[in-house]
Each structure stands twice: as structure tokens, then as C-alpha cells.
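Observations on chain architecture
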Amino acid sequence: MDFVFRVITANCGLDTIGLKACRVIEQKFKEDQADFYVINCQEVKYHDTLAQLKQVFGENHQVVLLGKMSTYTKGPSMGQGMASFMIHSQDMTHLKVESTEHVRRSRLRLGASYNKGALIVFLSIMKGDARIHIQTVSGHLDSTTMQMRAQDWLNIHQSLAKDVKTWEQLVTITPNLRLSGYDANTRDKIESHGPVNYWLSEEALDTEGAIELQGMRQAMIENQRYSHVSTYKSNLGQRLQIESTKRPGYSVGGTLDFVGVANGGETSGLSLKNVITVGYDENTMRDHDVIISPCQQYASQPAFDVVKGQMAVFLANSAPTLASEIKRLTTNDAETQSILLGIYQEFLGKNGLLNAELLLFKDKLNLMEKVAPLPLWLRNGISDIVFPNAPWFESACVQCRNPDLIRERQDSMRSLINALHKCKNITQYCDSLSPYTQILSKNDDELDDTSVSNRSHLVGAQSRVMMNRFRKALHRSTSDEASLDDELPDEKDDDDDSSTTLV
């Protein structure tokens, strides 16, 4: 039996979602002949919004506040924060909230460490004889620094991860659907030629401006992610393109808000297709657009397929080969269940490889802030090595997962980051980077299987042209003992190809 639904998100600016949005939602619910909608909100007056939704939907549908999480975003106040709502038809005969979790950086009620994070709700619903579990995620990432946004994304992943020891436990904690809505605060970045939306740019993975999005790209919590070109104060028009006074280097607007569906299906990139947005509403101070996903259908599946599909969602971009092989497993026996349990424990548990990589990602962002004064060729060379344009667990597969080798690579990268933090001049930076560039300097036919594997885990599938340029620049500079305060080498060289941009 199919469940028909949509997922919606809205940052309400410390107010309600607004009557305009409620009426659009109610109209679409009727057109879809939907079973349920999930609405995830941030900075929302949850009781007022609940009343607003009930006013518009009337008595023919049930409107339920699934969970709430108080925040004090802009001064002390009661009855506001993050919330998740469900609207459902009379055909749904059962709704039970089984658990609610608050994700914060701090329990102290001061500042963004208390206000940012996520509300996670685990519930079960029934339609006829079909029963499914749904996990809702209403999230709000930090607005000021990419490092804190990375920390918030890590915290959400750590909360979604569970320590499981048996197959039965893995089945119990895995939802049929994960429906997310979050304000990621990822605004357009101001570049020399104007603001750039690195979510939508065709060169997004090959540009320095996209580095801060790598964590959210590689470690998705959904296999379908939806948004719009700009989701903040859309009534401002061209004024969205100017630099924000609160966030130097970023524009006022951008793709801030997302809705996500994790149904265990195929993973796609960010989609704008068939997304409905509701902008300015005179009935509310909401300053973000409401984002409404396309209409969705979900048919109840056996537990074995649910576990496979949801594990593949988390690994689709960070370990694509492993994710594909997981989905191709067909024999539901003790041996296969043991394989899936092992993969979950190694990669997706609280102390698994994915969370370790997200923590490492935040440390990498801290490093790039520290090396900002370096000459461009050196800063780009560091970026090429620290942020390889490749899946984090590129070579992992069902039969050859290499968790120990991956942890060695993570430890090696952490050692490099620590060493670079201690460098005081260009020579020291070059000496620290030299072992990594030497690995890349070998030709493929000179590498045995172990070296190829090590190279992949150390630096990923780098562009040889870029790295050759960096090695030449590094070689020419190793005799320079200039401190960072001295005159730095010219960034241009004779063999520079202006059509190629280093990350």
C-alpha cells in the first residue's frame, strides 16, 4: 500500500509559518489526496503555527505537533524554536511518537551553541494494515562560520547514528522514511566576478568556494534533496546579491533552506524541479521562503530492504561503490545480515568512519582559515591535498572495506594538519607537504597495488596537471626562508595555464 506525502521546511523568523503558506499547503494536500505532510520549522512559534494550520485545515484532517525544541535565537522568549508537524488524513488509523531528541552544541542557554542543531523525532504510522516508521529532522546550522556549520552537521550525524550490536537492533533503529527540513545557512559567496551559488554552479566540486559544502555533499542524510535558487527574503530582489554586513564575503541571499527525503532509492544531486516555494506573507514575519517538496509515494518494504536502502543513503556519495553493492545484496540470511551489521558498525556507528571523516572535515576548514595569508599557489596546493575531489571512501566495497587502512589515512591526514598548523614559513610548509606530493609524482605503472591503495586513501583522485604545477612551484620555493610577513613569491609562473583553476 502506497503512502502519499510531501515534506516541507520553513524558517519562520520567530513567528508563524503564515496563512498564505497554510492555504497553499492545504490546497496541495487536497490535490494530492495525500496521506500525510511533514512540516519541519525553525525559529517558529509552534503553538501559534499549530493553531494556524488547524484553522486552515478544519476538522477533516488531523494536525499534530510531533515535537518541539526551545531556542532563544534573538532574545529570551517562550513557545518558539524548532518544531515538526504532521498533517494527516482520516485514513491514517495510528500515529505514535516513539522518541524525540534535541541536538545542540551546548546545554547552556546562551548563544548559537544552544540555539543551533536539530530536533529529531522517531514515529510510527499506519494506513490499513501497512505500518511504517518515519524519522523527522528539523535542523538549523550556524549562520556565522563554516566551521560551526560543519560541527552542527557532524552533531546531527552523530545523533542519527546508533551503537547497535545485533541485526534486530539495526532493524529497530532504521526508519522507512527520513524526512528532513533544515536551514543550512549556505549563502552565495562573493567572488571577484560577483556572487556565486556553489550549490548550483556546474563547477561546484572544482572550486575553492565549494570546499565548505563538501561535508554536506559527501555525508547526505537524504537521497533526494530539494531547494531553490534563493530561499531568503525573496522579496528583496536584486538586493539579495549585495554583500551581507553580518557575513563578510557572502551575499544576503542564496540557497539556505532544504527539504530532504530518504526513502532508500537512488541518490540524486540537489534538485529544483517541481519544488514549490511560498515567499513573503503579510500575515507573518517569516523571512525565509517555505520550501515544499514534489509529491512523493512510498510503498512499505521488508525490513531487509529498508536497512539496505537507508545504509546506502548515508554512503551514496562518500562510498559510492560500497553503497551500490549494499543495494545489490539479495539474500536475506544470517551471513548477509552479519555483513550489513558489520558495515554499519564500521562506517555509520557513532564512532564510525563517516563521523570521523566529518570531524576531520571541520579540522580541515580550520586549517584553511589559518593558511589564508599564504601565496595562492601554496594555499591551492594545500587545498588540493587536504580536500581531494573524490569520495572519502573511494575504494571501499563489500568484500574489501579496509576500515583499518581508512583509519590510517585519517590519522595521516590529521598528522599533516597538525604539522601545517605549526609551520611558520614557506619552507616548513613545503617540507610538511613533500611526502604527499612524492606519492603523486610516481607514474601509475610504477605503483604496486599497495601503493595505489595508499595513494587513493591519502589524497584521492587528484588532477595530475594541477599537482605537477604545484610540485614545480614547491620545488622552486624550497630554498626560500621567507616568513609569512616577508615578501612572498610571485603567484604566476611561466607554465601557468590561466584556464585551469586550482582548488
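Predicted model only: the values in this text are computed from it and were never measured.

Things to note about the overall build of the protein chain
Along the backbone of the protein chain there are 15 helices and 16 strands. For the protein chain, the residues scored as buried account for 56% of the 503 residues in total. Accessible surface, the protein chain as shown: approximately 21500 Å² in total, 47% of it carbon and sulfur.

Describing helix α7 (residues 303-315)
Between its first and last C-alpha atoms α7 spans 19 Å; for 13 residues at 1.5 Å apiece the expected length is 18 Å, and the two agree. For α7, the tally of buried residues reaches 11 of 13 residues, placing the bulk of the element in the interior. Buried within α7 are the following residues: Phe304, Val306, Val307, Lys308, Gly309, Gln310, Met311, Ala312, Val313, Phe314 and Leu315.

Regarding helix α8 (residues 320-328)
Within α8, burial applies to Leu322, Ala323 and Ile326. Down the axis of α8, the sector holding all buried residues measures 100 degrees, keeping them to one side. Along its buried surface, α8 packs onto α7 and α9 (334-348).

Topic: the sheet that holds strand β11 (residues 224-226)
One open sheet holds the 7 strands; their spatial order is β5-β6-β7-β8-β12-β11-β13, and the pairing between them is mixed. The outermost strands of the open sheet, each flanked by one partner alone, are β5 (92-104) and β13 (270-271). In this sheet, strand β7 (residues 130-140) lies alongside strand β6 (residues 117-127) in antiparallel orientation, the contact comprising 11 bridges. Bridge assignment links Val121 to a residue of β7, and that residue is Thr136.

Digging into the pattern of salt bridges
The final tally for this structure, using the stated rule, is 16 salt bridges. Here Arg131 makes a salt bridge to Glu98, at a shortest N to O gap of 3.7 Å. Here Arg131 is found in strand β7, whereas its partner Glu98 is found in strand β5, with 33 residues between them in sequence. Under the relative-accessibility criterion, Arg131 is labelled partly exposed at 40%. The closest approach of N and O atoms between Arg401 and Glu346, which form a salt bridge, is 2.5 Å. A residue pair is termed long-range when its members are at least 10 positions apart, and Arg401 in the loop between α11 (376-386) and α12 (403-422) and Glu346 in helix α9 qualify at 55 residues.

Some details on the nonpolar core
Judged by nonpolar contacts, the single largest core of 73 residues is most densely connected at Trp153, Met311, Leu315, Leu322, Phe347, Ile382 and Phe393. Here the element with the most residues in this core is helix α10 (residues 353-370); it accounts for 8 residues. Residues Cys12, Ile17, Cys22 and Cys41 belong to the second largest nonpolar core, which totals 28 residues.

Examining the environment of Trp153
Inspection of the secondary structure assignment puts Trp153 in helix α4 (residues 146-160). The exposure class of Trp153 is buried, given its relative accessible area of 2%. Taking the C-alpha atoms as reference, Trp153 lies 7.2 Å from Leu141; in sequence the two are 12 residues apart. Contacts of Trp153, omitting those with residues within four sequence positions, involve Leu141, Tyr182, Gly215, Met216, Ala219, Ile221, Arg225 and Leu358. Within the local environment of Trp153, its side chain forms a polar contact with the backbone oxygen of Ala219, the two atoms lying 2.9 Å apart.

So, a nonpolar patch on the surface
There is a patch of nonpolar side chains on the surface, built from Leu200, Val229 and Leu272 and spanning about 200 Å² of accessible area. Looking at the element boundaries, Val229 is found in the loop between β11 and β12 (257-262). Its relative accessible area of 44% is what places Val229 among the partly exposed residues.

Regarding the packing of α7 against α8
Close contact between α7 and α8 brings their axes to 9 Å; oriented N to C, the two are set at 170 degrees. As judged from the angle between their axes, α7 and α8 are roughly antiparallel. Of α8, the residues touching α7 (which contributes Lys308, Met311, Ala312 and Leu315) are Pro320, Leu322, Ala323, Ile326 and Lys327. Of the residues belonging to the contact of α7 with α8, the class tally is 7 nonpolar, no polar and 2 charged.

A look at the packing of aromatic side chains
The geometry of an aromatic ring pair is captured by two quantities: the separation of the ring centres and the angle between the planes. Scanning the model with the defined rule gives 11 aromatic pairs in all. Seen in terms of ring centroids, Tyr72 and Tyr114 are 5.9 Å apart; in terms of plane orientation they differ by 35 degrees. Their pairing is tilted. Residue Tyr72 is located in the loop between β3 (62-70) and β4 (80-88), and its partner Tyr114 is located in helix α3 (residues 112-115); the two are separated by 42 residues in the primary sequence. You'll find Tyr72 and Tyr114 in the same group, each marked buried.

Comments concerning the pairing of strand β2 (residues 36-45)
Remark: a regular strand shows side chains that alternate across the two faces of the sheet. β2 sits mainly inside the fold: 9 of its 10 residues count as buried. Both strand β1 (residues 2-15) and β2 contribute to a ladder of 8 bridges, which runs parallel. Within β2, the position partnered with Thr9 by the bridge is Asn40. Where β2 lies against β4, 8 bridges are found, and the strand directions are antiparallel. Looking across to β4, one finds that Val44 is bridged to Gly81.

What counts and what doesn't
- Residues numbered from 1 in each chain as written.
- Predicted model: local features only at pLDDT ≥ 70, side-chain atom pairs only at ≥ 80, totals over all residues.
- Heavy atoms only, no water.
- Helix = DSSP H or I, 4+ residues; strand = E, 2+ residues; numbered from the N terminus.
- Buried < 20%, exposed > 50% of the residue type's maximum accessible area, 1.4 Å probe, protein only.
- Areas by Shrake-Rupley, 256 points an atom, 1.4 Å probe, with all protein chains shown as cover.
- Expected span 1.5 Å × (residues − 1).
- Arc of directions from axis to C-beta.
- Contact = heavy atoms within 4.5 Å.
- Pairing = 2+ DSSP bridges.
- Salt bridge = Lys/Arg side-chain N within 4 Å of Asp/Glu carboxyl O.
- Core = buried A, V, L, I, M, F, W, Y, C linked by side-chain atoms within 4.5 Å.
- Polar contact = N/O pair within 3.5 Å; in protein donor to acceptor, adjacent residues only side chain to side chain.
- Patch = residues over 30% accessible without salt bridge, like charges linked within 9 Å, V, L, I, M, F, W, Y side chains within 5 Å.
- Axes fitted to C-alpha atoms, helices over the stretch in contact; angles between N-to-C directions.
- Parallel < 35°, antiparallel > 145°, perpendicular 65-115°, else oblique.
- Nonpolar A, V, L, I, M, F, W, Y, C, P; charged D, E, K, R; others polar.
- Phe/Tyr/Trp six-rings, centres within 6.5 Å; stacked < 30°, edge-to-face > 60°.

Any link to function would need more than the numbers given here.
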